[in-house]
Amino acid sequence: MNFLEKRIQQEGSVLDGNVLKVDQFLTHQVDAQLMQKIGEEFAAKFQAKNITKVITIEASGIAPAVFTGLSLGVPVIFARKQKSVTMEDELLCTEVYSYTKKVTSTVSISSKFLTPTDNVLVIDDFLANGQAALGLSELCQKAGATVTGIGIVIEKSFQSGRELLEKAGFDVYSLARIASLENQQVQFLTEK
Ligand code: 5GP
């Protein structure tokens with residue numbers, strides 16, 4: 001069991017609808033030391049890939065993405081779910097269905113932050129059916145940037161996200177892979 005799987009086992013709880021709650025260290029309260037380790041793991045995996053930007057989606061992707069950007073020494077962009085009055089520039093937008101909120105929202109970033117020369121690493125907290133990661137890759141594609149990899153903190157491997165992203169040609173790297181949340185028990189893929 002790796003460092004992250006241990007934390008999930010100790011502090012995670014399983015909610016209805018195959019949702020894992022990890023608000024003690026990732027989705028509400030953030031354990032910065034754990035995030036630093038997560039950032040270093042992603043950076044080690046993608047170090048040789050000449051990443052120029054890290055992109056994520058607000059809110060819970062921001063902490064792991066920032067620490068990944070810190071480790072790689074590159075800027076971090078987070079896609080916004082609501083347009084702010086400060087976003088006066090040309091926007092790149094796409095629709096993303098939220099697995100936990102059950103609503104579709106338009107997510108956007110200012111086009112000035114991504115260029116065709118960028119090699120982008122997409123980071124997110126969870127992978128379920130792949131809609132958030134796919135939406136982020138669409139924003140990159142709209143900018144003409146290349147998605148070099150997708151880093152996921154917690155992948156629910158029993159859902160369809162990884163298959164969808166791999167079929168689309170993406171290199172998906174997850175730090176914890178969950179095989180099942182049945183009977184309120186977290187079972188990791190590595191244990192099967
Ligand atoms: P997907 O787009 O892959 O279907 O779902 C990923 C997004 O939904 C993530 O950005 C995350 O915010 C949320 N999500 C999906 N599954 C879970 C889960 O089990 N627990 C939590 N806390 N968030 C989840």
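Refer to the structure above for everything that follows.
So, here's what we can say about the structure. (Residues numbered from 1 in each chain as written. Predicted model: local features only at pLDDT ≥ 70, side-chain atom pairs only at ≥ 80, totals over all residues. Heavy atoms only, no water.)

Brief notes about the side chain of Thr56
Definition in use: Think of it this way: any DSSP run of H or I at least four residues long counts as a helix, any run of E at least two long counts as a strand, and we number them from the N terminus. Note on classification: 1.4 Å probe, protein chains only; a residue is buried when its accessible area is under 20% of the maximum for its type, exposed when over 50%, partly exposed between these limits. The term polar contact refers here to a pair of N or O atoms within 3.5 Å; inside protein, the definition further demands a hydrogen-donor-capable atom paired with an acceptor-capable atom, and it admits residues adjacent in sequence only when both atoms are side-chain atoms. Contacts are residue-level and defined by heavy atoms, with any inter-residue pair within 4.5 Å sufficient.
Here Thr56 is to be found in strand 3 (residues 53-57). A relative accessible area of 0% places Thr56 in the buried class. A distance of 3.4 Å separates a polar side-chain atom of Thr56 from the backbone oxygen of Gly61. Those residues in contact with Thr56 that sit more than four places away from it in its chain are Gly61, Ile62, Ala65, Ile77, Phe78, Ala79, Ile123, Asp124 and Leu136.

What to know about the pairing of strand 6 (residues 104-110)
What counts, and what does not: DSSP bridges decide pairing: two strands pair if at least two such bridges lie between them.
Burial analysis of strand 6 places five of its seven residues in the buried class, which makes it a mostly covered element. Where strand 5 (residues 91-97) and strand 6 come together, seven bridges link them in antiparallel fashion. Across the sheet, residue Glu95 finds its bridge partner in strand 6, namely Thr106. Joining the antiparallel neighbours strand 5 and strand 6 is a turn of six residues, in which Lys102 adopts a positive phi near 60°.

Points about the pattern of salt bridges
This is how the line gets drawn: We count a salt bridge whenever a side-chain nitrogen from Lys or Arg sits within 4 Å of a carboxyl oxygen from Asp or Glu.
Counted under the stated rule, the structure contains nine salt bridges. For Lys21, the salt bridge identified is with Asp23, shortest N-O distance 3.7 Å. You can call Lys21 partly exposed: its relative accessible area is 35%. Residue Asp23 is classed as partly exposed on the basis of its relative accessible area, which comes to 26%. The closest approach of N and O atoms between Glu163 and Lys167, which form a salt bridge, is 3.2 Å. Here Glu163 and its partner Lys167 are both found in helix 5 (residues 161-167), four residues apart, which amounts to about one turn of the helix. The exposure class assigned to Glu163 is partly exposed, which follows from its relative accessible area of 49%. Residues joined by salt bridges that share partners form a network here, namely Glu155, Arg162, Glu166 and Arg177.

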